[in-house]
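An overview of the molecular structure
Each chain is listed here by its residues.
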Amino acid sequence: MQHNQSVIDFFSSFDVNSYFTILIFLLIGTVITTIVQSSAAVMAITILLCSTGVLPIHLGIALVMGENIGTTATANLAALGANTQARRTAMAHLVFNVIGVMWVLIVFYPFVNMICNMVGYNPEGPKLSQAELAIKLPVVLAAFHTCFNLFNTGILIWFIPQIEKLVCIIIKPGKKDEEEEFRLRFIQAGIMKTPELSVLEAHKEISSFAERMQRMFGMVRELLGTRDDSNFAKLYSRIEKYENISDNMEQEIAKYLSAVSDAHLSDDTKGKIRDMMREITELESIGDSCYNLARTISRLVNSKEDFTEKQYERIHQMFELTDDSLSQMNIIIRGRKEYLDTTRSFNIETEINNYRKQLRNQNINDINNHEYTYNVGTMYMDIINECEKLADYVVNVVEARMGTRRVEA
C-alpha cells in the first residue's frame with residue numbers, strides 16, 4: 001500500500017487536526033474490530049498502515065481507540081444468553097472503555113503529543129525515512145495503548161460504585177425474578193482459582209446470602225399484615241422457597257470453601273475460611289428463624305384468633321429492631337473491617353434482649369388480666385422469642401466477619 005498513490009491520497013485527504021476526522025476513524029476502528037472480533041488483528045493492520053507511512057499517526061491512534069470499544073463486542077455477544085450478572089459484567093467492560101475514550105478525546109492532541117514525546121517522535125517535524133517510521137510508529141501506538149489502559153484504570157477505579165449503578169440502570173433484571181431461583185452469582189465452577197481469589201468470590205456470595213435473608217425477613221413482616229387468603233398463601237410459599245434457597249446456599253458455599261481449604265494456605269487465609277464457615281451457618285439459621293416466624297403467623301391465621309392492637313404494635317416494634325440488626329449486619333459484611341464498628345450491632349441486640357424481657361413480663365400480666373387467651377399469648381411470645389434468636393444469629397455473623405467476640409458487661 002505504500003506504493004499505491006490512490007490509497008496514500010485517500011488518507012492524506014483527511015485533516016488530522018479536525019476532531020471530526022478523529023471521530024470518523026474512531027468509528028471505523030470500532031466497526032472493524034466488532035466485525036473481526038479481534039483487536040489484536042486490527043492493531044496489527046493499524047501498525048502496518050502507520051509504519052509504512054500510509055496512515056498519519058493521529059488517525060492510527062483514533063483507530064486504536066475504536067479498537068478498545070470494538071473489542072468489548074465479543075464479551076457482550078457471549079453474555080446475551082447469560083444471566084443478569086453476566087450481562088452486567090460485559091456491559092461494564094463496554095462502559096469502562098467508552099468512558100476512557102471520551103476523556104481521551106477531550107485531551108486528544110495534548111495526550112498524543114505527550115506519548116510521542118515519550119517515544120521521541122515529532123509528528124510535526126521533518127518527514128522521516130521509511131526505516132525510521134517502521135521503528136518509531138509501532139512504538140508510539142503500543143505506548144498509547146498501554147498508557148490509555150493504565151490512565152483509564154487509574155482514574156476509573158475510584159468510580160466503580162458509580163459505574164456499577166450505571167450498568168444496573170442499563171441492564172435491568174429480566175421479567176423472571178432471578179433472586180427467587182437458587183443460583184450462586186459469584187462462585188463459578190471450573191478450574192480452581194488462587195486461594196485469595198476463591199476467598200473473595202466466597203465473600204461476595206456470602207454478602208448476597210445475607211441480603212437474601214433480609215429480604216426474606218421483609219416478607220415475614222409483610223405476611224403478618226396480609227389478610228387475603230390467596231395473597232397469604234403466595235407469600236408464605238415464597239418464604240418457603242427462600243428457606244430452601246438458604247439451605248442450598250449454605251451447602252454449596254461450604255462445599256466450595258472446603259475445596260479451597262484443601263489447598264496449601266497461609267494461616268491467615270485458613271482463619272478467614274473458618275470465619276466464613278461460621279457466617280454461612282449462622283445465615284442459614286437466620287433463614288430458619290424467618291421460616292419459623294412465618295409458620296407461627298400461619299398458626300395464628302389457622303386458629304381463627306388474632307392479636308390485640310397493642311400486641312401488633314409491640315410485634316412491629318420488635319420487627320423494626322430486628323430489621324435494623326439485619327441492616328447493620330449487611331453493612332458490616334459489605335464493608336472493610338478497618339472502617340467498621342460492631343458497637344451498633346451489639347447495642348441493637350441488647351435493646352432486643354431487654355425488649356423481649358419486658359414483653360415477656362407484660363405478656364404474663366396480660367394473660368392473667370384476660371386481655372387475650374393463653375393460646376394467643378403463646379403464639380405472640382413465639383414471635384418475640386424467635387426475633388430475639390434471630391438477633392443472636394446476626395451478632396454471631398458480625399463476630400465472625402469482624403473476627404471479634406462480644407465482651408459481656
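Read on for a plain summary of the structure. (Residues numbered from 1 in each chain as written. Predicted model: local features only at pLDDT ≥ 70, side-chain atom pairs only at ≥ 80, totals over all residues. Heavy atoms only, no water.)

**Overview of the overall build of the protein**
Along its length, the protein carries 15 helices and zero strands. Split into buried and exposed, the 409 residues of the protein put 45% on the buried side. Put simply, of all contacts in the protein between residues at least 6 apart along the chain, 79% involve residues at least 24 apart. By element, 57% of the accessible surface of the protein is carried by carbon and sulfur atoms, the whole surface being about 21300 Å². (Helix = DSSP H or I, 4+ residues; strand = E, 2+ residues; numbered from the N terminus. Buried < 20%, exposed > 50% of the residue type's maximum accessible area, 1.4 Å probe, protein only. Contact = heavy atoms within 4.5 Å. Areas by Shrake-Rupley, 256 points an atom, 1.4 Å probe, with all protein chains shown as cover.)

**What to know about helix H12 (residues 267-303)**
Because an α-helix completes one turn every 3.6 residues, residues spaced three or four positions apart along the sequence face the same direction. Compared with the 54 Å implied by 1.5 Å per residue over 37 residues, the 54 Å span of H12 between its first and last C-alpha is a close match. Of the residues one or two after H12, Lys-304 is the one with positive phi, at around 65 degrees. (Expected span 1.5 Å × (residues − 1).)

**Quick look at the state of the cysteines**
By the definition in use, this model includes zero disulfides. Just so you know, Cys-387 is unpaired, no disulfide at all, and the nearest cysteine sulfur is the one on Cys-290, 8.7 Å from it. (Disulfide = S-S within 2.5 Å.)

**A word on the nonpolar core**
Within the largest apolar cluster, 66 residues are counted, with the highest numbers of intra-cluster contacts made by Ile-253, Ile-286, Phe-307 and Met-329. Sorting elements by how many residues they give to this core places helix H15 (residues 374-402) first, with 13 residues. (Core = buried A, V, L, I, M, F, W, Y, C linked by side-chain atoms within 4.5 Å.)

**Topic: the environment of Leu-49**
You can see Leu-49 is positioned in helix H3 (residues 39-51). Looking at Leu-49, the relative accessible area reads 8%, which means it is buried. Note: C-alpha distance between Leu-49 and Leu-137 (88 residues apart in sequence) is 9.8 Å.

**Let's talk about the packing of helix H2 (residues 19-36) against H3**
Direction vectors running N to C along H2 and H3 enclose 130 degrees, while the axes themselves pass 8 Å from each other. When the axis of H2 is compared with that of H3, the two are oblique. Crossing of H2 against H3: the hand is right-handed. Residues Ile-32, Thr-33 and Val-36 of H2 lie in contact with H3, whose contacting residues are Ser-39, Ala-41 and Val-42. Looking at side-chain class alone, the contact of H2 with H3 contains four nonpolar, two polar and no charged residues. (Axes fitted to C-alpha atoms, helices over the stretch in contact; angles between N-to-C directions. Parallel < 35°, antiparallel > 145°, perpendicular 65-115°, else oblique. Left-handed = near helix turned anticlockwise from the far one by under 90°. Nonpolar A, V, L, I, M, F, W, Y, C, P; charged D, E, K, R; others polar.)

**A short note on the packing of aromatic side chains**
All told, the structure shown has twelve aromatic pairs when counted by the stated rule. With a centroid separation of 5.1 Å and 85 degrees between ring planes, the pair formed by Phe-108 and Tyr-109 is classed as edge-to-face. Each of the two residues, Phe-108 as well as Tyr-109, counts as buried. For the ring pair Phe-307 and Tyr-312, a centre distance of 5.6 Å and an interplane angle of 75 degrees mean the geometry is edge-to-face. In this structure Phe-307 comes out as buried when scored by relative accessible area, which is 6%. On the basis of relative accessibility, which here comes to 13%, the residue Tyr-312 falls in the buried class. Site record: aromatic cluster; members linked through ring pairs are Trp-103, Phe-111, Phe-144, Phe-148 and Phe-151. (Phe/Tyr/Trp six-rings, centres within 6.5 Å; stacked < 30°, edge-to-face > 60°.)

**Considerations on the pattern of salt bridges**
All chains considered together, the criterion is met by eleven salt bridges. Close ionic contact of Glu-399 with Arg-278 constitutes a salt bridge, the shortest N to O distance being 3.2 Å. Of this pair, Glu-399 sits in helix H15 while Arg-278 sits in helix H12; the two residues are 121 residues apart in sequence, bridging distant segments of the chain. Since its relative accessible area comes to 7%, Glu-399 is described here as buried. (Salt bridge = Lys/Arg side-chain N within 4 Å of Asp/Glu carboxyl O.)

**Quick word on the side chain of Gln-311**
By the secondary structure assignment, Gln-311 is in helix H13 (residues 309-334). We classify Gln-311 as buried; its relative accessible area is 0%. Polar side-chain contacts of Gln-311 include one of 2.9 Å to the backbone nitrogen of Thr-308. Excluding its chain neighbours within four sequence positions, the residues that come into contact with Gln-311 are Tyr-372, Val-376, Gly-377 and Tyr-380. (Polar contact = N/O pair within 3.5 Å; in protein donor to acceptor, adjacent residues only side chain to side chain.)

**Some remarks on unusual backbone geometry**
With a phi close to 65 degrees, Lys-304 is a non-glycine residue in the positive phi region. Mapped onto the elements, Lys-304 comes out in the loop between H12 and H13. The class for Lys-304 is exposed, based on a relative accessible area of 75%.

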